[in-house]
Amino acid sequence: MLNWFRLRLRGMVRHGALRQDMHDEMREHLERATDRLRRRGLSVADARAEARREFGNATVIEEEARVARRTGWMDALRGDLRFAARHFSRRPLASVTIVLVLALGIGVNSALFSMIQAVTLRPAPGMPDDRDLVRIRGVQWSDDQSQRFPRRLSFPELLQLSERREAFARVAGWVSDEVMLRVGTGEPRSVGAQFVTPNFFSTTGVGTHGGPGLRAGSLQDARDEEMAVVISHRLWQEEFGGAPMTTASLDVNGVPLRIAGVAPAKFHGATPASGRPAALWIPVSARGAILRGTSQALVSRDSGIFSAIARVAPGVSYGQAGAVAASIAKQFATPASALSLGAGAGDVAEVRAETDSRGRGTSEVLRLRGETELRADTELSVVIAVFGTVCLLVLLVTCTNVSALMVGAAVSRRREIAVRLSLGASRMRLVRQLLTESTLLSMTGGLAGLLLYWWIVTLLAKQLPSAEMAPDVLTVGFTMIFALGTGLLFGLSPALHATRAGVAGALKDAGSGSRQRSRLQKGFVIAQIVFTQPLLVVLAMMLGATVGQNARFPSERVGERIIALRFNLWSGYVVVTNATGPSEKEKLAATMKDRIAQLPGVERVVHEPAATRIVRVSVVPEDRGNGERAAEAKRVHVEGTAPGYFGMLEIPILRGRELVAEDSLASNEAIVIDSDMARELWGSMDPVGKRLTGVFDQSGRAEQGMYEVVGVFDAAHPTTRGTTDRIYSARAPRAPDQFLVRTTGPATAFVPALNRFLRAEAPELPVGRLETLAEVGRAMSRDAMRVTAGSAAAGVLALLLASLGLYGVVALAVGQRTREIGVRVAIGAKPRQVVRMFFLSGLKLSIVGLGVGLPISLAAVYFANIQVVGPQLDLKLVALAVGIAVLIVASLATWIPARRAAAVDPLTALRAD
Amino acid sequence: MTKSAPLLQGTLDLIVLQLLRAEPTNGYDLALRIQATSSQVLNVNAGSLYPALYRLEEKGLIRAEWEETPHGRKAKVYSVTTSGRKHLTEQRESWERFSAALGAILRTT
């Protein structure tokens, strides 16, 4: 057995040497025979001739010997490969098309897969991929159990969790805030900061460099004060040029902090960043000093401010750990009278729901990878669904293309195959030849696809630092097997088919093809369009959604004159109900608002709206209009809005008027809605003066409210709060700590002055964010641009893929009918008629494909539209645009080969097979 | 030269193995030896001999080595391997049974 293997190996490796060996041996034989014959008295020439005669045909013997050695297949393979290469160079168009289609399909699909994987299965950048690391996620159910809201944990809850050693080996937490960072004598700027428990870095397993790091300790040591900070790698590069740090310090909200180290390059927190990535990690004990509060937050059971991670105890399952966490969560019910304002959250309503329902809180334990935020992971499932569909469609389009091209290519060679069969080639031999060719093509395509994939992934990794993208062997392997498998399968089936056909029939009927083939090709063209259409529709929707979100901010002109100001009201847990009245800090914030308004250069200061509750509204029956959803109940956010807000942002009021101060006194709550909602509920009727009833939870009781529309603003000019499903009320509570400041001149120049003023006049009220709306908008549009560019590129690639396939299929079909075209032209058909014939039949197929694909596209649109949060797209418009785009591409793909065919000289065409 | 008898299917391997077991030798000498030992009855030409040799080598029944011949030439010398020997014994037994049976049939009538 070993010997057999050795010989086989030698046969493969030393193929040439063996051949030489054989040659030598036979020459030796001949020489000795010649000697023998010469000794018998023959002349040299005669002896040699006689020896040769005796020996027989040396070439035949060598061939037989090779068969005996079983190295014949290698020669055959070599021949096949040579033949294949010659064949491809004779038909560069078809070959290049197949390779391109495969490369695009494999590259794009694998890249999409990797992206899904990066956001679902990989830990946040810089975090270790560790089974024991988990997120403890607080969840709050709404009263009717229909909705889940995120719930932050209090420090006492963290402590209790850490005491359950049977479930958790370590528990760590952090609080996210925005702070004003100042390096040296530079201008302060807003950055994201995470206030971490002393065991944060040891729990995550992330090491810091360039300094001693934060003081390590257990969760219980969280109150031991330490004024230090770990900075992000990016900040280190930007502010310190990556130079080694000795005794540098930073100023955060006016508090000096010693730099204790630098985080690893990609690290920006234990979970993927949503919004502003953290640049600072500060011990939670310093939070009181920085945000000008007390360390009450570390004592109070009510201060739900922490996000938590943990290491589960060895051998403990996520389910067991989750049960422990849930049982502890039950004990931490929050008082119903309080309304809390999540740290850095604008949506008070969602935080409110957390606290309203006593005892409905729970906790979940899930592995720390991908998105672990409650809201983010529901959005994520949408993203996965959308991207998954896109992946599937790309794969289908690729496979359809490859099979169509392969079948076309093989069928067009029926004559050649017939000739070879009649010359005595065995069927096996021919099938092997065709198989070699498809393998060669598939391999080349696969290799090119791999390169493309590599390129896309490296590009994405650079563009999306918030997700850990890395090339993945499994993904590539899967896609490759699929695409190559298709190539081989469809390379093989026509090979079998073609070799089975009668030789005589194929020779006589060369190339004109059977009806069966043309049906198959028609099927391919239709399938192609059926799959491409929804793909394009989905991509167009994504594009529309990102462009729409991009337009969420006011124009540059307005944004350049408005500053967004946010105070760090202590703790992110603020009691705003009348029972306790506004806190001292809130009163101060309100005073500062008035004082800012008095400053020279300031035109006006208003509260930034905040969603204070979610209400189910329905139109009062007698006010019902003719809108599409006139009779339906609708969930909306009620935005507590300052009078004059729309005027300040220069948002056009289409009907009625803007909110005024008196609105807070009227018997019905006055609201302003956007034009989309107005159309949806009232159609062409004027909604001003119409009423809505609303039901909402108030401390666990269902309360009713009556709203009256006083104005409609243009949805094309979005507010700072996004456009969908929001009603703006002057009576609803506003966020006490967020303001918009409109300046008389350019706002950018005013920012430093405003910051100095606030620091001097209200040092106990730290500023978390101070930047112009234009800056905020630009940062958002940068992100949006990336996504937009990404989906646009994917759309173009999909279109390219589809048109390549279409073009290839049609071109092959036309090529096969060259003789027919020749006959037609010879008996008097004009080239234009020929072109029209092909063009029309291609168009007919495209329209059939569009018709069949339409339901799929509509389903995709419907699904994406109800899931994707953002501006709703006009279904008809999208379908129409995509339909037209597909038709144009299909027409071009048919027209070019048809024209080429018609331009052929009839004599040449008739002579051609 | 006497007329050579046609070789029975499958017997060439047996002949080659038997002769090579007696003495390892090269292809040319083997051909001569077959002629000589069969008293010029069997004439194996190169066209059958070499493929047979390669087939046997491929099966691992014989092995080949280049050796210096007494005439100062290099020649490829074949010898029987252990498994070749075993194979030969088996084949010889079955051949003997077969020829005995055939002989018995031919002696009837």
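Residues numbered from 1 in each chain as written. Chains lettered and ligands numbered in written order. Predicted model: local features only at pLDDT ≥ 70, side-chain atom pairs only at ≥ 80, totals over all residues.

Here we look at the confidence of the model for chain A
Detail in the predicted coordinates should be disregarded across regions flagged by low pLDDT.
Residue and element names in this part refer to chain A.
And then number 1: Put simply, chain A has an average pLDDT of 77, and 79% of its residues get 70 or more.
And then number 2: Confidence drops under pLDDT 50 across residues 335–359; counting only partners more than four residues distant or on other chains, this segment forms 74 contacts.
And then number 3: For residues 510–515, every residue scores under 50 in pLDDT, and the model assigns this stretch 14 contacts once sequence neighbours within four places are set aside. (pLDDT = per-residue confidence, 0-100. Contact = placed C-beta atoms within 7 Å.)

Overview of the nonpolar core
Residue and element names in this part refer to chain A.
And then number 1: In this structure, V229, L280 and I563 are the most contacted members of the largest nonpolar core, which totals 120 residues.
And then number 2: With 8 residues, the single largest contributor to this core is strand β3 (residues 168–182).
And then number 3: When residues no more than four places from it in sequence are discounted, the contact partners of V229 are L250, V252, L257, I259, A260, L280, W281 and I282.
And then number 4: Within the second largest apolar cluster, 81 residues are counted, among which are V397, V538, Y807 and V810. (Core = buried A, V, L, I, M, F, W, Y, C linked by C-beta atoms within 7 Å. Buried ≥ 20, exposed ≤ 12 C-beta atoms within 10 Å, placed from the backbone. Helix = DSSP H or I, 4+ residues; strand = E, 2+ residues; numbered from the N terminus.)

Regarding the confidence of the model for chain B
Residues and elements named next belong to chain B.
And then number 1: A residue-level look at chain B finds 91% of positions with pLDDT of 70 or above and a mean pLDDT of 82.
And then number 2: Per-residue pLDDT, averaged within each element of chain B, yields its smallest value for helix α3 (residues 46–59) (83) and its largest for helix α4 (residues 82–107) (90).
And then number 3: Scored by ipTM, the complex comes to 0.84, with pTM at 0.64.

Some details on the sheet that holds strand β11 (residues 562–567) of chain A
Residue and element names in this part refer to chain A.
And then number 1: On the basis of which strands lie adjacent, the open sheet formed by 4 strands has the order β12-β20-β11-β21 and antiparallel pairing. With one partner strand each, in any of the chains shown, β12 (602–607) and β21 (767–772) form the two edges of the open sheet. Recorded for the sheet is a direction-independent mean angle of 20° between the axes of neighbouring strands.
And then number 2: In this structure, β12 lies alongside strand β20 (residues 738–743), joined through 5 bridges in antiparallel fashion. The partner of H607 across the bridge, within β20, is F739.
And then number 3: The strands touched by helix α20 (residues 584–598) within the sheet are β11, β12 and β20, with β12 carrying the most contacts at an inclination of about 155°. (Pairing = 2+ DSSP bridges. Axes fitted to C-alpha atoms, helices over the stretch in contact; angles between N-to-C directions.)

As for helix α3 (residues 44–55) of chain A
And then number 1: Counted at 1.5 Å a residue, the expected span for α3 of chain A with its 12 residues is 16 Å, and the 16 Å between its end C-alpha atoms agrees.
And then number 2: Downstream of α3 of chain A by a residue or two, G56 of chain A has a phi angle that is positive, lying close to 100°. (Expected span 1.5 Å × (residues − 1).)

Considerations on the packing of helix α2 (residues 27–37) of chain B against α3 of chain B
All names here are of chain B.
And then number 1: Closest axis-to-axis distance for the α2/α3 pair is 11 Å, and the angle between their directions is 120°. Considered as vectors, α2 and α3 are oriented oblique to each other. Read as a crossing pair, α2 and α3 show a hand that is right-handed. Each of G27, L30 and A31 in α2 lies in contact with α3, whose residues at this interface are A46, L49, Y50 and L53. (Parallel < 35°, antiparallel > 145°, perpendicular 65-115°, else oblique. Left-handed = near helix turned anticlockwise from the far one by under 90°.)

Topic: helix α1 (residues 11–22) of chain B
Residues and elements named next belong to chain B.
And then number 1: With 12 residues, α1 should reach 16 Å at 1.5 Å per residue; the first-to-last C-alpha distance of 17 Å fits that figure.
And then number 2: Along α1, the positions that sit buried rather than exposed are L12, I15, V16, L17 and L20.
And then number 3: On its buried face, α1 is in contact with β1 (25–26), α2, α3, β2 (62–68), β3 (74–80) and α4.

Considering the interface of chain A and chain B
And then number 1: Taken residue by residue, the interface counts 18 residues in chain A and 14 residues in chain B.
And then number 2: Of all the elements in the fold, those that place two or more residues in the side of chain A that touches chain B are α1 (2–13), α2 (15–39) and α4 (58–69) of chain A.
And then number 3: Grouping the amino acids of the side of chain A that touches chain B by side-chain chemistry returns 9 nonpolar, 3 polar and 6 charged. (Nonpolar A, V, L, I, M, F, W, Y, C, P; charged D, E, K, R; others polar.)

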